[in-house]
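A structural walkthrough
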Amino acid sequence: MPDVQKKKLNKGAAIALLFLAAMIGISFLKISIWIKLAADALLILCFIFIRRGYIYLSVGAMNFKKGNLDKAWKNLEKAMKAGLDPERRNMVGSAYIQQGDAERGVQILEAVASDPKAGDNAKVAVVTCSMGYWRLGEREKAVRSLEELRNTGYRNDNLSINLETYLLEMGELKKAKTLITENRKDNTENNGLLDNRGWYYILSGNWKKAKEVFDELIDDRNAKFPEAYLHGAQVSVHEGDISQAIDRLGWGASKKFTSTCMSTKAYFDKLLLGLENPATREAFSKAMDEHYTEVSLSKDFPGIEDAVEFDHSEKGAITPSEKPSYADAQKSDSAAVLLSSDEKQDINTDIDDDDREPNTDLDDDDAAFAVEHGYALSVDDYSDDEDPDVPDTSVYDDDDREPNTDLDEKDR
């Protein structure tokens, strides 16, 4: 007999069942139908009042989905005031850090982290809060908070990704290298960790291994975060494949940029201008390659000023091509995968596996979660070579894939 995982009844579901039982009990009482209806209506109103925080959360989620951020933030603040569990407060705090007010996000998450009743959600809050510190320019505090948490024995992919990223950005290459080795001893390597390792190879000048990483991350895994394409384009430039670099930058520019991204769409567009223009292409690509550290950090470098608007109809101009879909590239293998009994096979990698930053978007799924757990009545009710000293920094994931993630003896 297969083992059945027992799920603990959450507070929201328990309250919903309690109210439902009360309404059923009232229906058996020998009283007037009008009194029964009045009692049921009173119970419903009480339920809505008690769980109003989750109803506001559902409405806020739907406003996020529609792009109405002003209303979304207002409803999230109402939800916080009415009361949410630590998990939902983490979600709201993370949303603020990634798309809104980082200071407010840090305030929310620090409260969860210090809540003795938050359990593991307190640890999750520390990891996410570090992103807020990073956004506010408090790099050392971000690193310190994660190192202290890690020293307690806590392990988490987001912790590993964030800490590696901060260290790489700060130039703490030896510490980053140690982490990269330790974090991959017993775990599979998600997209964010893979990007960090590839970034490390770039910074250390190990272009051969960097190429292997980003060919897999971009061509096979179809990474969803922009940094992978920036780093991949750097490898292409170093290899002299400017057309591929332009493609990768174009694909990366189409990805989602948030406040916690290491780069911006404007930076991608600037690099594209320099490489697409036949008049500046050679000098610009040389400058990119010479200043690979600055480029990997999305910083200005000597020569970036040459990237200016030009006539794209000019002879020799290159524009990004459309990225082949993963499904088309793997069509010949699809039937075999679908017929396989191995549930760990990753059939579709063209998904939002953004490991560099946790999914904090409040959407219909979150609204549905609230309904399922008794937080709202209904969603519809609301309108190789050298031992380097330089590393890399990216973050996102695809946990079902199991590539070769060990740093070999030469990398150690």
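Coordinates for the structure precede this section.
Residues numbered from 1 in each chain as written. Predicted model: local features only at pLDDT ≥ 70, side-chain atom pairs only at ≥ 80, totals over all residues. Heavy atoms only, no water.

Notes on a nonpolar patch on the surface
- Together, L29, I31 and I35 give the surface a local cluster of nonpolar side chains, amounting to about 260 Å² of exposed area.
- Note that I35 resides in helix α2 (residues 33-50).
- Here I35 falls in the partly exposed class, since its relative accessible area comes to 49%. (Patch = residues over 30% accessible without salt bridge, like charges linked within 9 Å, V, L, I, M, F, W, Y side chains within 5 Å. Areas by Shrake-Rupley, 256 points an atom, 1.4 Å probe, with all protein chains shown as cover. Salt bridge = Lys/Arg side-chain N within 4 Å of Asp/Glu carboxyl O. Helix = DSSP H or I, 4+ residues; strand = E, 2+ residues; numbered from the N terminus. Buried < 20%, exposed > 50% of the residue type's maximum accessible area, 1.4 Å probe, protein only.)

Description of the packing of aromatic side chains
- Applying the stated criterion to the full structure yields six aromatic pairs.
- When the ring of Y200 is compared with that of Y201, the centres are 6.3 Å apart and the planes differ by 65°; the resulting orientation is edge-to-face.
- Residue class for Y200 comes out buried when judged on its relative accessible area of 2%.
- For Y201, a relative accessible area of 1% gives the class buried. (Phe/Tyr/Trp six-rings, centres within 6.5 Å; stacked < 30°, edge-to-face > 60°.)

Thoughts on the pattern of salt bridges
- Across all of its chains, the model carries 16 salt bridges by this definition.
- For D120, the salt bridge is made with K123, and the minimal N-O distance between the two is 3.7 Å. Of the two residues, D120 and K123 both sit in helix α7 (residues 120-135), three residues apart, roughly one turn of that helix.
- Classification of K123 by relative accessible area gives partly exposed; the value is 31%.
- In this structure, E169 and R139 form a salt bridge, with 3.0 Å as the shortest nitrogen-oxygen distance. Separated by 30 residues along the polypeptide, E169 in helix α9 (residues 157-170) and R139 in helix α8 (residues 139-151) bring together distant segments of the chain.
- With relative accessibility at 18%, the residue E169 sits in the buried group.

Quick notes on the side chain of N75
- Mapped onto the elements of the fold, N75 is located in helix α4 (residues 69-82).
- Excluding residues that lie within four positions of it along the chain, N75 makes contacts with Y56, V59, G60 and N63. (Contact = heavy atoms within 4.5 Å.)

Description of the environment of P324
- Its location among the elements puts P324 in the loop between α17 (292-296) and α18 (326-329).
- The exposure class assigned to P324 is exposed, which follows from its relative accessible area of 55%.
- As a C-alpha pair, P324 and D219 span 105 residues in sequence and 8.7 Å in three-dimensional space.

Some points on the packing of α8 against α9
- It is at 10 Å that the axes of α8 and α9 come closest, and there the two elements cross at 140°. The orientation of α8 with respect to α9, classified from their angle, is oblique. Considering only the axes of α8 and α9, their crossing is left-handed. When α8 is examined against α9, the residues R139, E140, A142, V143, L146, E147, L149 and R150 are found in contact with a partner set consisting of L159, N162, L163, Y166, L167, E169 and M170.
- Of the residues in the contact of α8 with α9, the class split is nine nonpolar, one polar and five charged. (Axes fitted to C-alpha atoms, helices over the stretch in contact; angles between N-to-C directions. Parallel < 35°, antiparallel > 145°, perpendicular 65-115°, else oblique. Left-handed = near helix turned anticlockwise from the far one by under 90°. Nonpolar A, V, L, I, M, F, W, Y, C, P; charged D, E, K, R; others polar.)

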